[in-house]
Structure formats: structure tokens, C-alpha cells
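# Inside the fold
One-letter residues, chain by chain:
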Amino acid sequence: MASEKYIDNALDVENAQFLNSKSDSDVIAPLPTPVSASLPSSPKRLTTAFIIPVWIVLSSTVIIYNNYLYNTLEFKFPVFLVTWHLGFAAIGTRILQRTTKLLDGTKDVRLSKDMFVRSILPIGLLFSASLILSNTAYLYLSVAYIQMLKAFTPVAILFISWAFHIQEPNRKLAVIVLMISSGVALASRGELRFNLIGFLTQAAAVGFEASRLVMIQLLLHGLKMDPLVSLHYYAPVCALINLAILPFTEGLAPFLELARVGPLVLISNAAVAFCLNIAAVFLVGAGSGLILTLAGVFKDILLITGSVLIFGSPITPLQVFGYSIALCGLIFFKTSGGK
């Protein structure tokens, strides 16, 4: 489950757009993040009407599948599952590199030892923390509520960007921050199954993910990577980091449960997540930033609806109202160009 972020975001189209919608006077020019980078030699583009629904279906499937693993099959080992997904992705990208042109972008990346130590490794550490924490949250919170909490990610990105003087605050952004923050607060107030540990875990995941996206801009300025190329470099690094902490967090317990869950479930789960990353390559350039943002909003609404129908997660009118305010804030930010 390099999922959660390759999931939504490895691939967070919405969050990527937040980082790339800065004014020309910003201190640092925007870096194309994994989702919004232009492809050096892009594969044949598919129509927006085709690729966006495919991306929405795959993204939603990964999240629901992971939640099914954690809470229905009771395979409650997020560190192991994240490590498994990353290892699968590391092998998968290398196979694609040798058999297709989808990873031709690696030819344009000049990765020195110094860049690896100073940039790839620290970003990989943040990525691992974000993935593990965001997956751990599913042990405590519903899919619907987690999607609502994720709406706060752009606010975290803005706060960190302001702190590092990457973007200057203004009145319009302050209104947007207030809209999103108050919307998420109302959604939290209306949550019937609120769990403090789960809330703090997801909040920490949001913080690490926002820090990762900002650090990409600071440390990898000018380096273009599409989602698959980014995964090619980060997956093995994050997999090794997670593998190192696995004995201290979950030990041998997940390995003892493998026979019960079955290899077919784990392989298919990782394969769907990997297909999501391939779809993200074709998603690049499939539509404008606003179209991709609206697609992300629609996906989140579908996920919340699916969580209610499939898992019986209760949502209250107050949550619907609060989340609607947060979504309006997200769309307002996008249409305003982030200025």
C-alpha cells in the first residue's frame, strides 16, 4: 500500500496542484510534482473522458481494498502492507523500464550520490512516515472520515510554504484556510465514531505528506519526474526504510498471518495499487488543473458514499455540511490560481 499516497496520491493530484499554482513572484519557482510533471517523452495520451474515470475507479478500489484487508480480513499490519506494496512497485517499475517506454523519463534524471543523500533519502523518510501513518489510521477511523480529514492537507502545505517563505500569505488564502479548517472541524465534530488515536495518526500523516511535498520543491527544484519515474526511485528507498523498522513494530506477526489471508489477496491488492500509478502517467496532461481537482473531489465523494454503503460507516448531516465547506474551499483555491 504504497497505496495511500500512490493511492490518492501517490498521487495526490489535488495536493500536487496546490504546490504548482504559485505566482511568478514566488521565491522558488514551482517544481512539477510526481502527478503534475510534464513527461519528457509522454506515452500516447488517452482522452480525458476515459482516463479520469479509470483513475477514479482504481484510486477508490485501492482504498476500499486496503480497508477491507485491515478491518474485514483483520490483517492489521500497515507497516508490512506498505513495505509489500513498495517492494512490488520497485520490482514492477524495473520490469516496465526494460519492457516498455513508460519509464523513459529516467534517462533525463541525473541522480548523483550527493543528491541521493541530501534529497532522495530525507524525502523518502517523510514518504515512509506518511504512508505508514495514513494506513495505520484505517485501523481506527472510517474511510469516510479519513477522506474528510485529508481535505486539510492543502492547508498544511500552505502553512509550511508560508513558514519557509515559498509563498506569501494574503487575505484570499486566509479565507480559504479558514473555510477548509472550519469545514474539517465541523466534520470532526459530527463524527459519531471519533477516535483520538486515529485522528492524531491521520493528522501526523497529513503533516508528513505536506512536508514531503514542500521538501520536493525545495530540494529537487528543476528535476522533472512523472508518477512512475518518481516511484521507480522512491519505492526501493522507502521499502528498505520500512523493512528496517518492521521488526520493531510488527515483528513476525504479519508473516504468521500470510497463509490465512492468502497470496492471491496480497498480490492482487498490490497489483491494483501499481496499476493506479500507471494510470497516473496517462492522467498527466489529460485535463486542466481544475478538471483534475474536480475529479479528485468527485472521487472523494464516491469514496465516502462507498464507505457508507459497503462498510456501513455512519455520517451525519453536520459532517456533510462541514465537508461541503471544505470542498468549496479547495475548489475556490484552484479557481483563484493559488494567489
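Structure shown above.
Throughout what follows, the structure given in this document is the object of discussion. (Residues numbered from 1 in each chain as written. Predicted model: local features only at pLDDT ≥ 70, side-chain atom pairs only at ≥ 80, totals over all residues. Heavy atoms only, no water.)

## Remarks on the packing of aromatic side chains
- One pass over the full model with this rule turns up ten aromatic pairs.
- A centroid spacing of 5.1 Å and a plane angle of 75° characterise the contact between F75 and F77, whose relative ring orientation is edge-to-face.
- Taking the centre distance of 5.8 Å and the plane angle of 75° together, the rings of F75 and F80 count as edge-to-face. F80 shares its class with F75; the two are buried. (Phe/Tyr/Trp six-rings, centres within 6.5 Å; stacked < 30°, edge-to-face > 60°. Buried < 20%, exposed > 50% of the residue type's maximum accessible area, 1.4 Å probe, protein only.)

## Description of the layout of surface pockets
- Estimated volume of the largest pocket: approximately 190 Å³.
- Taken together, 15 residues form the lining of the largest pocket, with N71, L141, S142, R193 and S313 sitting closest to its centre.
- Per-element tally for the lining of the largest pocket: the top contributor is helix α3 (residues 48-72), with three residues.
- Classifying every residue of the lining of the largest pocket gives seven nonpolar, six polar and two charged. (1 Å grid on protein atoms, 1.4 Å probe; cavity = no way out; pocket = protein on both sides within 12 Å on 5 of 7 lines; lining within 4 Å. Points joined across faces, edges and corners; volume = space filled by probe spheres on them. Helix = DSSP H or I, 4+ residues; strand = E, 2+ residues; numbered from the N terminus. Nonpolar A, V, L, I, M, F, W, Y, C, P; charged D, E, K, R; others polar.)

## Things to note about the environment of A156
- Within the secondary structure, A156 is located in helix α7 (residues 153-163).
- For A156, a relative accessible area of 10% gives the class buried.
- Spatially, the C-alpha atom of A156 lies 9.2 Å from that of V177, the residues being 21 residues apart in sequence.
- The residues touching A156, leaving out its near neighbours within four places in the chain, are V206 and A210. (Contact = heavy atoms within 4.5 Å.)

## Topic: unusual backbone geometry
- In this structure, E74 is a non-glycine residue whose phi angle is positive, near 55°.
- Along the chain, E74 turns up in the loop between α3 and α4 (78-99).
- Phi is positive for H165, which is not a glycine, with a value near 60°.

## Brief notes about the environment of V79
- Structurally, V79 can be placed in helix α4.
- V79 sits in the buried class, given a relative accessible area of 5%.
- Sequence separation between V79 and N135 is 56 residues; the distance between their C-alpha atoms is 8.2 Å.
- Discounting residues that sit within four places of it in the chain, V79 has contacts with I132, N242, I245, L246, T249 and E250.

## Topic: helix α15 (residues 317-335)
- Across its 19 residues, α15 extends 27 Å between first and last C-alpha, which sits within 8% of the 27 Å expected from 1.5 Å per residue.
- All of the buried residues in α15 are Q319, G322, Y323, A326, L327, G329, L330, F333 and K334. Looking straight down α15, one finds its buried side chains confined to an arc of 150°; they lie on one side. Turned more than 90 degrees away from the buried face of α15, the exposed residues are P317 and T335. (Expected span 1.5 Å × (residues − 1). Arc of directions from axis to C-beta.)

## Remarks on the side chain of H85
- Along the polypeptide, H85 turns up in helix α4.
- Residue class for H85 comes out buried when judged on its relative accessible area of 3%.
- There is a polar contact of 2.5 Å between the side chain of H85 and the side chain of N269. (Polar contact = N/O pair within 3.5 Å; in protein donor to acceptor, adjacent residues only side chain to side chain.)

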